[in-house]
Amino acid sequence: MALTYAQVVVDVPTQQTNRPYTYLIPDEIQDEVQPGVRVLVAFGHRSVLGYVLKTGVDLPADLAVDQVKDILTVLDDHPVLSQEMLDLSEELAQTNFSFQVSFLALMLPTALKASYKKRLRAQADLLPADRVAYLDGQEERLVKTKDFSAKEWRQVRQLAAAGQLSIETVIENKGRIKTELAYQVTSDQDLLGQAEETLRKSAKSQAALLSFCQEHPGETFTKRDWLAQVDVAAATLTTGVKNGWLVKRQVEQKRRPGAMASGKVEAVKVLNEDQQRAYDAVTAAITAKEKTTFLLEGITGSGKTEVYLQAAQKAIAQGEQVLFLVPEIALTPQMQKRVADRFGDATAVLHSGLSAGERYDEWRRIQSGQVKVVVGARSAVFAPLAKLGLIIVDEEHETSYSQSENPHYSARDVALWRGAYHQAPVVLGSATPSLESRARAQKGVYQLLTLTKRAAAAATLPPVEIVDMRQTVVLKGDTNFSTELLEKLKDHLARGEQAVLLLNRRGFSSFVMCRDCGYVPKDPNCNLAMTLHMDTKTLKCHYCDFQAPIPHICPSCGSKRIRYYGTGTEKVQEELSRVLPEYPVIRLDQDTTKKKGAMAQALADFGAKKAQILLGTQMVAKGLDFEDVTLVGVLNADTGLGLPDFRASEKTFELLTQVAGRAGRGDRAGEVVIQTFNPKHYALTFAQHHDYEGFYRQEMAIRHAGEFPPYYYTIQIQSSHPNENLVAVQSAKIGLWLRKKLPKDVLMLGPSPQAIAKLKGRYYFQILLKLKKPHEADALLRDLVDRSQKAEAGFQLSVKRDPVTFM
DNA sequence: AGCACGCCGACT
DNA sequence: GTCGGCGTGCTC
């Protein structure tokens, strides 16, 4: 029999190992080695985890038989990665300039990722002092790499070389299944019948057990269920086992994330004309198995979710599965609940609040095919659904769909890829679609569906008033509340209605400054102004976690006149308690929602009307649906406009439109007040008139003139090194190299230092490419990444497609 | 990542 | 001379 080989991606994320390696499949594990299983292989001088890509391949021409090693162990009985995921990982590695193995790891729950340890064991002549130092005084010890310093490891290896110590690599398979004790009823009816006849009259519990057994022959129940259902003591079960009525066994125990469905089944709502048209188009594509991409553009409150849910119902009725992506599941507990209410146990929810164990259990439920709908944020796009019939990307414009750290990817793009793979339609939904998606709909690449009316019969979009804060400041001095907003707040609150106040802090946070010399405390790592935190009475750098006490005397000029500038939610809350002391406020920001469940609790309290005012940062703008909210106030609309980002207007328009949509969703009319220092800015005036189309046209003209997306695709090439001079020289070299080799129609900006040039002790330079065809520089950039491997130690190069932040 | 190889300085 | 520090390169 010919030798068969497998292609394996090893769990060593480096540039040179970013390709499959060939291994020999030993005869005795021939059947177990399949594409998608995890294996243990020897690599270099150690054992590592590997992912099998392909089996039954020939020995590559450039390899001799004796150069190839054996696969050591197979870690899975069944593949944990489907062929789809293997293909997808390759595609993502190619187009996003990251390691294939990093994408493979992303597709699996943490429980299935390798955890490497070393087992150190004392040998005969180990000195007691060394035993204490390295083995904690024991015979053997399991250690992780980070448990010892480099120097200590060197010494450990020396001891091993001298034969005083042995080192063995251990890979923990955490994918073990938790079991619980269960009892299975015998299928032997005769035995049960005989037992009943010979039973003594006084044996009441045994009689009860026996009659239950006769009703459920062959069935298995956990011990907990037995005790609850039959109402017998544990000892009776043991007697049952002794008599042969029951067989003890271990069954798989599944953790279910606590009560997600509320129990009540949500009624299917009647669709209005717009919704029906959208529903018909999407369901036609589901039935025909067309990989159409729909852009569902619906004003806030127009009932997009109802269209999603009914379309999902249709796909499920056809025996297919649905992937439902939401921007940040923590921010949309209401959406999560609605899906769970509609689809009950057939729903799996993946969110950041799950423990590793819960996540693994949910992942297994999905993989086993029991699940019909998966709801989740970005990484849920890799959910192991085999029969996808519909993919929904809600709030498709949200930047959280894009992962900016390595490995970079866009969940929206992955969703489109999977839709094409499964011949399933993809619905991108938003009240304010990204210009990229809207432009594609314009060109007919996506099919545009619009919802123009609010779903609730009486609900219309609220009128929006823009208040010029320059006037307010002249009249009232330093305040966060204009007279207009304050009066409206009093009116609405007096009527028992609720208000949402948004403090847009993007790019603007409170800081400390000396009034005499202008000194602003900066952190030494990043050289950025530090943010004031009153709760801990410290200054913090928001980029590297550096902390320092608030200075009382200026370190620069010795003055005592240190003042606080800027506005935070805390400061606004304090002002609110002064001007409207009779109304309690619920605050929603990063500080108050850090704790698990705090966000959901705050929203539940607001829903239960424990407070009439909800004050928060951007997280109050999204997805909230409270029918008694009739007033929305935006305290500072323009803080995002000053950012050096070509998407600043788009983001501001989005935020204002989204938050305005929180008002008047029920039967009572709502209104919105926007406070600003730029009352004439088009992002504000178009938002005021709920005019997405108008904004789209104007912004497209500006993008066209500036040669920005969606007229161009962008790729960011970021260089960094702890030495500023070195990174400047390196990125200049890269710039020259690229300029020579890039296709002529590719525009190149830079290299230039980034706006935040120094971060966590590293200096950053960037080059920005603008391309007409998204992949025209891919091969060249892969080559560049490859070459950068040979640059100075500490030099890092990151290539990012469609970056969200530019400067 | 880790381990070997190989090149340089401080010691027997 | 040789031991050992660490920079460089490769792992089927």
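Just above sits the structure.
Residues numbered from 1 in each chain as written. Chains lettered and ligands numbered in written order. Predicted model: local features only at pLDDT ≥ 70, side-chain atom pairs only at ≥ 80, totals over all residues. Heavy atoms only, no water.

Draft legend 1. Quick look at the protein's contact with DNA strand B. Around DNA strand B sit H45, R46, T145 and R157, and that is every residue in its neighbourhood. The sugar-phosphate share of atoms of DNA strand B within 4 Å of the protein amounts to 73%. R46 has a polar side-chain atom sitting 2.7 Å from a base nitrogen of DNA strand B. Looking at the surface near DNA strand B residue by residue, the classes come out as no nonpolar, two polar and two charged. (Near = heavy atom within 4 Å. Polar contact = N/O pair within 3.5 Å; in protein donor to acceptor, adjacent residues only side chain to side chain. Nonpolar A, V, L, I, M, F, W, Y, C, P; charged D, E, K, R; others polar.)

Draft legend 2. View of the sheet that holds strand β13 (residues 321–325). Across the sheet, which stays open at both edges, the seven strands sit in the order β14-β15-β13-β16-β19-β12-β20 with parallel pairing between neighbours. In the strand order of this sheet, the two ends are held by β14 (347–350) and β20 (447–451), each with one partner. Averaged over all adjacent pairs, the angle separating strand axes in this sheet is 15 degrees, with direction ignored. Here four bridges tie β13 to strand β15 (residues 373–376), and the two strands are oriented parallel to one another. Bridge assignment links F324 to a residue of β15, and that residue is V375. The sheet strands contacting helix α9 (residues 273–288) are β12 (293–298), β16 (388–394), β19 (426–430) and β20, and the helix crosses β20 at an angle near 150 degrees. (Pairing = 2+ DSSP bridges. Helix = DSSP H or I, 4+ residues; strand = E, 2+ residues; numbered from the N terminus. Axes fitted to C-alpha atoms, helices over the stretch in contact; angles between N-to-C directions. Contact = heavy atoms within 4.5 Å.)

Draft legend 3. Structural view of the pairing of β13. For β13, the tally of buried residues reaches five of five residues, placing the bulk of the element in the interior. By the alternation rule, side chains of β13 split into Q321, L323 and L325 and V322 and F324, which are all buried. Inspection of the sheet shows β13 paired to β16 by five bridges, in the parallel sense. Among the inter-strand pairings, L323 is bridged to a residue of β16, identified as I391. (Buried < 20%, exposed > 50% of the residue type's maximum accessible area, 1.4 Å probe, protein only.)

Draft legend 4. Spotlight on the protein's contact with DNA strand C. In the region of DNA strand C, 14 residues are neighbours, and T22, G44, L63, Q67 and K69 sit closest. Restricting attention to atoms of DNA strand C within 4 Å of the protein, one finds that 47% of them are sugar or phosphate atoms. At 2.8 Å, a backbone N or O of T22 approaches a base oxygen of DNA strand C. Within the contact set of DNA strand C, a sugar or linking oxygen lies 3.1 Å away from a backbone nitrogen or oxygen of G44. Breaking the surface near DNA strand C down by element, the ones donating at least two residues are β2 (21–24) and β3 (38–43). Among the elements that take part in the surface near DNA strand C, β2 stands out by supplying three residues, more than any other.

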